[in-house]
Amino acid sequence: MTRLQQILNEQGFDAGEEDGLMGPGTRKAIARYQQANQMVADGFPGQDVLTHIGILP
């Protein structure tokens, strides 16, 4: 989770502190990332998000 938060922060989607917790800031950042990339903006890091962002192959 910290890697996801780090990448979101680096790309300008403010996930807040990289603490490894799936809090509201992280969910909002994921939703903003999803919206910016024409994905369903549900705020949850499904396999599609993790693959798109480069965490999963």
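Residues numbered from 1 in each chain as written. Predicted model: local features only at pLDDT ≥ 70, side-chain atom pairs only at ≥ 80, totals over all residues. Heavy atoms only, no water.

Visitor: Looking at this structure, I do not really get helix 2 (residues 24-36). What am I missing?
Guide: In an α-helix, one turn spans 3.6 residues; hence positions three or four apart end up facing the same way. With 13 residues, helix 2 ought to run about 18 Å at 1.5 Å a step, and its terminal C-alpha atoms sit 18 Å apart, in line with that. Of all the residues in helix 2, the buried ones are Thr26, Ala29, Ile30, Ala31, Tyr33 and Gln34. Where helix 2 is buried, its residues contact helix 1 (2-10) and helix 3 (47-53). Phi turns positive one or two residues past the end of helix 2, at Gln38, with a value near 55°. (Helix = DSSP H or I, 4+ residues; strand = E, 2+ residues; numbered from the N terminus. Expected span 1.5 Å × (residues − 1). Buried < 20%, exposed > 50% of the residue type's maximum accessible area, 1.4 Å probe, protein only. Contact = heavy atoms within 4.5 Å.)

Visitor: Could you clarify how one ought to interpret the packing of aromatic side chains in this entry?
Guide: Aromatic ring pairs are defined here through the distance separating the ring centres and the angle between the ring planes. The final tally for this structure, using the stated rule, is one aromatic pair. Ring geometry for Phe13 against Tyr33: centres 5.5 Å apart, planes inclined by 80°, an arrangement best described as edge-to-face. Of this pair, Phe13 sits in the loop between helix 1 and helix 2 while Tyr33 sits in helix 2, and the two are 20 residues apart along the sequence. (Phe/Tyr/Trp six-rings, centres within 6.5 Å; stacked < 30°, edge-to-face > 60°.)

Visitor: Could you clarify how one ought to interpret the packing of helix 1 against helix 2 in this entry?
Guide: When two helices pack together, you describe them by how their axes are tilted relative to each other and by the distance separating the axes. It is the contact of helix 1 with helix 2, at a shortest axis distance of 10 Å, that shows an interaxial angle of 55°. Our classification of the angle between helix 1 and helix 2 gives oblique. The two elements helix 1 and helix 2 cross, and the hand of that crossing is left-handed. Residue-level inspection shows Leu4, Gln5 and Leu8 of helix 1 in contact with helix 2, the latter providing Thr26, Ala29, Ile30 and Tyr33. Per-class residue counts for the contact of helix 1 with helix 2 are five nonpolar, two polar and no charged. (Axes fitted to C-alpha atoms, helices over the stretch in contact; angles between N-to-C directions. Parallel < 35°, antiparallel > 145°, perpendicular 65-115°, else oblique. Left-handed = near helix turned anticlockwise from the far one by under 90°. Nonpolar A, V, L, I, M, F, W, Y, C, P; charged D, E, K, R; others polar.)

Visitor: I would appreciate a short explanation of the environment of Gly12 in the present structure.
Guide: Take Gly12: it is sitting in the loop between helix 1 and helix 2. A C-alpha to C-alpha distance of 17 Å links Gly12 and Ile55, two positions 43 residues apart in sequence.

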